[in-house]
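Working through the structure, step by step
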Amino acid sequence: MPDIGIHIDVSDAALVAAAWVQALGTLVALIAVVVTVFLWKRDKGQSEKDQRLAMARSVALQIDHEALTGGVWRFKFQITNFGDYPIDDVNVYLAEANVDCKTLSTVVPKQTISDYFAASSPVHPQHPDCPIGPIEFYFTDVWGHRWRRGVGVCEDLEDHKEEL
(Lines give C-alpha, C1' and ligand atoms only; values in the text may rest on other atoms or scores of the structure.)
Protein backbone atom coordinates (compact mmCIF):
# COMPACT_ATOMS: atom_id res chain seq x y z
CA MET A 1 0.00 0.00 0.00
CA PRO A 2 1.49 3.32 -0.96
CA ASP A 3 2.18 5.91 1.70
CA ILE A 4 0.14 9.06 0.99
CA GLY A 5 1.68 11.07 3.77
CA ILE A 6 -1.23 11.19 6.17
CA HIS A 7 -0.64 9.53 9.48
CA ILE A 8 -3.32 9.40 12.15
CA ASP A 9 -2.03 8.55 15.57
CA VAL A 10 -4.96 7.40 17.66
CA SER A 11 -4.18 6.96 21.30
CA ASP A 12 -5.69 4.31 23.50
CA ALA A 13 -7.50 7.01 25.50
CA ALA A 14 -9.32 8.20 22.38
CA LEU A 15 -10.43 4.65 21.59
CA VAL A 16 -11.71 4.18 25.15
CA ALA A 17 -13.55 7.52 24.99
CA ALA A 18 -15.14 6.56 21.66
CA ALA A 19 -16.28 3.24 23.13
CA TRP A 20 -17.83 5.03 26.11
CA VAL A 21 -19.66 7.49 23.85
CA GLN A 22 -21.00 4.59 21.80
CA ALA A 23 -22.12 2.73 24.94
CA LEU A 24 -23.87 5.82 26.34
CA GLY A 25 -25.60 6.37 23.00
CA THR A 26 -26.82 2.78 23.03
CA LEU A 27 -28.08 3.17 26.62
CA VAL A 28 -29.98 6.36 25.75
CA ALA A 29 -31.55 4.64 22.74
CA LEU A 30 -32.59 1.66 24.90
CA ILE A 31 -34.15 3.95 27.52
CA ALA A 32 -36.04 5.79 24.76
CA VAL A 33 -37.44 2.49 23.45
CA VAL A 34 -38.53 1.35 26.93
CA VAL A 35 -40.27 4.69 27.63
CA THR A 36 -41.98 4.62 24.22
CA VAL A 37 -43.29 1.07 24.76
CA PHE A 38 -44.52 1.97 28.26
CA LEU A 39 -46.40 5.04 26.98
CA TRP A 40 -47.86 3.06 24.07
CA LYS A 41 -49.16 0.31 26.39
CA ARG A 42 -50.62 2.87 28.79
CA ASP A 43 -52.41 4.67 25.94
CA LYS A 44 -53.59 1.36 24.48
CA GLY A 45 -54.99 0.29 27.87
CA GLN A 46 -56.86 3.57 28.25
CA SER A 47 -58.14 3.27 24.68
CA GLU A 48 -59.50 -0.23 25.38
CA LYS A 49 -61.16 1.01 28.58
CA ASP A 50 -62.76 3.89 26.66
CA GLN A 51 -63.97 1.43 24.01
CA ARG A 52 -65.54 -0.84 26.67
CA LEU A 53 -67.27 2.15 28.27
CA ALA A 54 -68.62 3.35 24.92
CA MET A 55 -69.92 -0.16 24.21
CA ALA A 56 -71.62 -0.34 27.62
CA ARG A 57 -73.26 3.03 27.07
CA SER A 58 -74.64 1.81 23.75
CA VAL A 59 -76.88 -0.69 25.54
CA ALA A 60 -80.21 0.78 26.61
CA LEU A 61 -83.14 -0.26 28.77
CA GLN A 62 -86.66 1.09 28.31
CA ILE A 63 -89.41 0.31 30.82
CA ASP A 64 -93.18 0.76 30.56
CA HIS A 65 -95.51 -0.25 33.37
CA GLU A 66 -99.17 -0.52 34.17
CA ALA A 67 -101.09 -1.15 37.37
CA LEU A 68 -102.97 -4.40 37.57
CA THR A 69 -105.33 -5.38 40.38
CA GLY A 70 -104.27 -5.95 43.98
CA GLY A 71 -101.16 -3.78 43.96
CA VAL A 72 -99.52 -5.80 41.19
CA TRP A 73 -97.66 -3.97 38.47
CA ARG A 74 -96.81 -5.33 35.05
CA PHE A 75 -93.60 -4.14 33.48
CA LYS A 76 -92.63 -4.36 29.85
CA PHE A 77 -88.96 -3.84 29.22
CA GLN A 78 -86.90 -3.53 26.08
CA ILE A 79 -83.16 -3.96 25.99
CA THR A 80 -81.53 -2.64 22.86
CA ASN A 81 -77.91 -3.27 21.97
CA PHE A 82 -76.94 -0.35 19.74
CA GLY A 83 -73.28 -1.42 19.88
CA ASP A 84 -71.13 -3.45 17.55
CA TYR A 85 -70.53 -6.34 19.96
CA PRO A 86 -72.89 -8.89 21.55
CA ILE A 87 -73.63 -8.84 25.27
CA ASP A 88 -74.22 -11.96 27.37
CA ASP A 89 -75.80 -12.98 30.68
CA VAL A 90 -78.27 -10.11 30.80
CA ASN A 91 -80.17 -9.83 34.10
CA VAL A 92 -82.94 -7.31 34.78
CA TYR A 93 -83.10 -6.38 38.49
CA LEU A 94 -85.28 -4.44 40.85
CA ALA A 95 -82.39 -2.36 42.15
CA GLU A 96 -83.45 -1.67 45.72
CA ALA A 97 -84.79 -5.16 46.41
CA ASN A 98 -81.94 -6.81 44.48
CA VAL A 99 -84.51 -9.12 42.88
CA ASP A 100 -83.66 -10.77 39.56
CA CYS A 101 -86.76 -10.29 37.40
CA LYS A 102 -85.60 -11.74 34.11
CA THR A 103 -82.50 -13.43 32.77
CA LEU A 104 -81.66 -13.33 29.08
CA SER A 105 -78.81 -15.05 27.32
CA THR A 106 -77.28 -13.03 24.47
CA VAL A 107 -78.33 -9.78 22.82
CA VAL A 108 -76.57 -9.42 19.49
CA PRO A 109 -75.60 -6.05 17.97
CA LYS A 110 -78.53 -3.90 16.77
CA GLN A 111 -81.04 -6.28 18.42
CA THR A 112 -83.93 -5.31 20.68
CA ILE A 113 -85.40 -7.86 23.09
CA SER A 114 -88.75 -7.22 24.78
CA ASP A 115 -90.25 -9.12 27.67
CA TYR A 116 -92.57 -8.74 30.66
CA PHE A 117 -92.44 -9.31 34.38
CA ALA A 118 -94.86 -8.60 37.21
CA ALA A 119 -94.14 -7.31 40.69
CA SER A 120 -96.29 -6.34 43.62
CA SER A 121 -95.34 -3.22 45.49
CA PRO A 122 -96.86 -0.05 46.83
CA VAL A 123 -96.00 3.20 45.09
CA HIS A 124 -92.34 4.00 45.75
CA PRO A 125 -92.11 7.44 47.45
CA GLN A 126 -88.89 8.50 45.70
CA HIS A 127 -89.80 7.14 42.28
CA PRO A 128 -93.51 7.77 41.64
CA ASP A 129 -93.03 7.27 37.90
CA CYS A 130 -91.75 3.74 38.57
CA PRO A 131 -93.65 2.23 41.49
CA ILE A 132 -90.99 -0.23 42.58
CA GLY A 133 -88.01 2.07 42.32
CA PRO A 134 -85.15 1.99 39.87
CA ILE A 135 -84.76 -0.95 37.55
CA GLU A 136 -81.26 -1.87 36.48
CA PHE A 137 -79.72 -4.54 34.35
CA TYR A 138 -76.41 -6.33 34.39
CA PHE A 139 -74.57 -7.84 31.44
CA THR A 140 -71.19 -9.20 30.39
CA ASP A 141 -69.34 -7.62 27.46
CA VAL A 142 -67.12 -9.38 24.92
CA TRP A 143 -64.04 -8.58 27.06
CA GLY A 144 -65.54 -10.52 29.98
CA HIS A 145 -66.35 -7.44 32.05
CA ARG A 146 -69.58 -7.37 34.05
CA TRP A 147 -71.52 -4.09 33.77
CA ARG A 148 -74.32 -2.49 35.78
CA ARG A 149 -76.64 -0.17 33.80
CA GLY A 150 -79.63 1.88 34.84
CA VAL A 151 -80.84 5.45 34.90
CA GLY A 152 -77.66 7.50 35.19
CA VAL A 153 -75.59 4.37 35.93
CA CYS A 154 -72.91 2.81 33.75
CA GLU A 155 -70.55 0.93 36.02
CA ASP A 156 -67.82 -1.56 35.13
CA LEU A 157 -67.94 -4.01 38.03
CA GLU A 158 -64.55 -5.46 37.05
CA ASP A 159 -62.91 -2.13 37.96
CA HIS A 160 -64.15 -2.58 41.53
CA LYS A 161 -62.64 -6.04 41.73
CA GLU A 162 -59.22 -4.51 40.98
CA GLU A 163 -59.70 -1.96 43.77
CA LEU A 164 -60.54 -4.60 46.42
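Above: the structure in question.
Below: a short report on this structure. (Residues numbered from 1 in each chain as written. Predicted model: local features only at pLDDT ≥ 70, side-chain atom pairs only at ≥ 80, totals over all residues. Heavy atoms only, no water.)

Focus on the pairing of strand S8 (residues 153-156)
To be explicit about the condition: DSSP-based pairing: two strands are paired if at least 2 bridges between them are found. Numbering of helices and strands starts at the N terminus; helices are DSSP runs of H or I of at least 4 residues and strands are runs of E of at least 2.
Sheet topology note: the strand S7 (residues 146-150)/S8 ladder contains four bridges and is antiparallel. If you follow Arg-149 over to S8, its bridge partner there is Cys-154. Where S7 hands over to S8, the hairpin turn is made up of two residues, of which Gly-152 adopts a positive phi near 70°.

Regarding the pattern of salt bridges
Rule in force here: By convention in these notes, a salt bridge is any Lys or Arg side-chain nitrogen within 4 Å of a carboxyl oxygen on Asp or Glu.
This model, assessed by the stated rule, comprises four salt bridges. Glu-155 is the salt-bridge partner of Arg-148, the closest N and O atoms lying 2.5 Å from each other. Each of Glu-136, Arg-148 and Glu-155 takes part in one network of salt bridges that share partners.

Describing the packing of aromatic side chains
Heads up, the condition is: Only the six-membered ring of Trp is used, alongside the rings of Phe and Tyr, when aromatic pairs are assigned; centres must lie within 6.5 Å, and planes under 30 degrees apart are stacked while those over 60 apart are edge-to-face, with the rest tilted. Buried means the residue's accessible area, taken with a 1.4 Å probe over protein chains only, is under 20% of the maximum for its type, while exposed means over 50%, and partly exposed covers the values in between.
Using the criterion set out here, one finds four aromatic pairs in the structure. Summarising the aromatic geometry, the rings of Phe-137 and Phe-139 are spaced 5.8 Å apart at their centres and angled 25° between planes, so their arrangement reads as stacked. We classify Phe-137 as buried; its relative accessible area is 1%. Owing to a relative accessible area of 0%, Phe-139 belongs among the buried residues under this scheme. Clustering of aromatic rings is evident, with ring pairs tying together Phe-75, Phe-77 and Phe-117.

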